[in-house]
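Analysis of the macromolecular model
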Amino acid sequence: MCDLFKRELLFKVLVIGDFGVGKTSIIKRYAEGTFSTKYKITIGADFALKQIDWDSETRINIQLWDIAGHERFGYLTSVYYRYAVAAAIVFDLTRPDTFVAVSKWLNDLRDKVSLPHGKPLPVIILANKGDVAANKVPVQIEEFCKKNQIVSWYITSAKENRNIDSAMNRLILEALENQRNNNLYNSDSLMLAEEANSGTHNSSRLCCSR
Amino acid sequence: MAYRARLKEFEDILQEDIVQLIKLKKLAFNGIPDDQGLRALCWKLLLGYLPPERESWQSVLNRKRALYQSFIDDLVVMPGSEETNGDCTLLDHPLSINPDSQWQTYFKDNEVLLQIDKDVRRLCPDISFFQQPTDYPCNQIVNSNDVKRLHTRVQRSVLKCANVERKGLGITKIALVLKKAQEDYQPMTEGQEAHWEVVERILFLYAKLNPGQGYVQGMNEIIGPIYYTFARDPDVAYREYAEADCFFCFTNLMSEIRDFFIKTLDSTDCGINNMMSRLSNQLRESDFDIWLHFQQLELRPEYYGFRWITLLLSQEFPLPDVLRIWDTLFSDENRFNFLIYICCAMIVVLKEKLIKGDFPSNLKLLQNYPPTEIPKILPKAVELFLQRS
């Protein structure tokens, strides 16, 4: 049954949030390990790839979609959101307005995309520019996350490479869980029983391997 | 010699009493020489800022430049600067709820300005031009003790707190830690102004004068190449007024492509959706194999063509190539029809790679266009245009 995980997975992950909060920087940091203050503005959506060997049996290809923050591009988001399995919503700690906009982005996301069986996408919140303003975390954030089924939130800094990998790993873990459950759901009944057993077995191994 | 001859052709056309635009377009379609400010002059004609009649040029320029100066006088104002003595209950103040309050407008404008400010500081980061000082700053602004500088209106100032330690004998130590994000696009000192600050002012005035549309991200990328061309005009008499001239040329250009920037017009004939489906149809006609491959991959033009079309390709290539491509775009008799052929050509010249590529590698390729293939694009676009059914 090891074969179950001896394969490549493809996850489409969205990175959304208001303009100028650092979405492109976070993606470049995560996918390429670099930082620059010189990114052009994003028009429409940009695309990046990251491959990670999650464990000895799983390789994950992550498609990162960097979605433009200006509301002009709003109608396009439904096209860009399609087939996504997870999302990170970014705001800028130095601009309180951008945290207010998080709920707008979350609603847009929930309205337009969900997992194959109607489950909502796992979402994390990234409080970016933590190198400049780590002490400016909005007090409501914890409550907001609880109320809106946000997986977790992180203070990040693309510039100082803080917390980005761990945040993304957390999100990927959620996506993996969903993928596994979904696979079980899709199999026919005979397989279902069989895989359910191995499924629990595998999932425990998966956690240990991290 | 061929180059000389070409220069001469341009000069001949431009020296006529009435410039024949049809001839000019035909010639400029194949590229305008970089010399002698020819591009700046031709763009002014092609964008309808200068009329074909040579003798009226100077009066048009004088009028427009004066008009632009009046925009600056009227619209880049700091509330409170023109208060007169009188009944102080009528005075305007920051908390006024009077809808005519200058302060109300001021705060609303600052929301737009914040976005413009963020965007102009991200303009053409691969060249240093926009970070350099202009030779022709707007004097009433750069000598206003920073009061009228637009970016100072949206500068983020935070209250600072400090740890105060007391060490016996009344010695107080204040530990003030200041952290500030480092800025590449530094504002200049009093009396000077960087090019990006000039662009910021043009965009702000445009947004104020076109309230229906306002400012939309991407406009900075449209204005960039025009301003760059005008502000580097070797003819000082023109260069000095790059700001005003650029404003009007940008306004004219936007009037033609504004529909790309308005969300509610996305699905109309001139909207961006229509342009993207035209691109898809043209691709099917020009190269069915690639079109089919893209269909199978679900590689939609929204993923790459949206930016290509909205920004007239200004983000896809290095600036000199953008200028060259815009010569052609502006010379298009049926503006911006030829843009579709250029976009299509961009795909077709990459056929070998694209046909073998999967979704991610193809999308990466199209979003990061390989510079080596640029020279092939325009000839291919002409070829596709001539083949059209």
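The structure we're discussing is the one just above.
What comes next is a walk through the structure. (Residues numbered from 1 in each chain as written. Chains lettered and ligands numbered in written order. Predicted model: local features only at pLDDT ≥ 70, side-chain atom pairs only at ≥ 80, totals over all residues. Heavy atoms only, no water.)

Details of the interface of chain A and chain B
The following threshold applies: Any two residues whose heavy atoms approach within 4.5 Å at even a single point are treated as in contact. Buried area counts how much accessible surface, traced with a 1.4 Å probe, disappears from two parts once they are put together, with both parts' losses summed. Each reported salt bridge corresponds to a side-chain nitrogen of Lys or Arg within 4 Å of a carboxyl oxygen of Asp or Glu.
The interface is formed by 34 residues belonging to chain A together with 40 residues belonging to chain B. Of the roughly 3500 Å² buried at the junction of chain A and chain B (both faces included), carbon and sulfur atoms supply 55%. Interface area lost by chain A to chain B is led by K40, I41 and R72 of chain A, which between them contribute 22%. Across the contact surface, chain A and chain B share one salt bridge. Of the charged contacts in the structure, one is a salt bridge between D46 of chain A and R307 of chain B, with a shortest N-O distance of 3.0 Å.

Notes on the packing of aromatic side chains
How we decide: The aromatic pairing rule takes the rings of Phe, Tyr and Trp, using the six-membered ring of Trp, and pairs them if the centres are within 6.5 Å, calling planes under 30 degrees apart stacked, those over 60 edge-to-face and the rest tilted. Each helix is a run of H or I in the DSSP string that is no shorter than four residues. Each strand is a run of E no shorter than two, and both are numbered from the N terminus. Exposed residues in this analysis have more than 50% of their type's maximum accessible area, buried residues have under 20%, and partly exposed residues fall in between, with area computed by a 1.4 Å probe over protein chains only. A ring is scored as having a charge over it whenever the NZ atom of a lysine or the CZ atom of an arginine sits within 6 Å of its centre and within 35 degrees of its normal.
The full count for this structure, using the stated rule, is 29 aromatic pairs over all chains. The interplanar angle of 35 degrees and the centroid separation of 5.5 Å between the aromatic rings of F288 of chain B and W291 of chain B together place this pair among those described as tilted. With F288 of chain B and W291 of chain B both in helix 13 (residues 288-297) and three residues apart, this pair spans about one turn of that helix. Overall, F288 of chain B belongs to the partly exposed group, its relative accessible area being 44%. One aromatic cluster is present, formed by F47, W65 and Y80 of chain A together with Y303 and F359 of chain B through successive ring pairs. One Lys or Arg, R95 of chain A, reaches over the ring of F19 of chain A and ends 4.9 Å from the middle of that ring. Sitting above the plane of the F385 of chain B ring, R388 of chain B keeps its charged end 4.0 Å from the centroid.

Topic: the sheet that holds strand 2 (residues 45-55) of chain A
Residues and elements named next belong to chain A. For clarity, the cut-off: What makes two strands pair is DSSP finding at least two bridges between them. Where helices are involved, their axes are fitted lines through C-alpha atoms of the stretch in contact, as for all axes, and angles between N-to-C directions lie from 0 to 180°.
If you trace the six strands from one edge of the open sheet to the other, you get 2-3-1-4-5-6, paired in mixed fashion. Only two strands of the sheet have a single partner each, and these edge strands are strand 2 and strand 6 (152-155). Each strand of the sheet is rotated relative to its neighbour by a mean of 25 degrees, with strand direction disregarded. Relative to strand 4 (residues 86-92), strand 1 (residues 7-16) is paired through four bridges, and the arrangement is parallel. Across the sheet, residue I16 finds its bridge partner in strand 4, namely I89.

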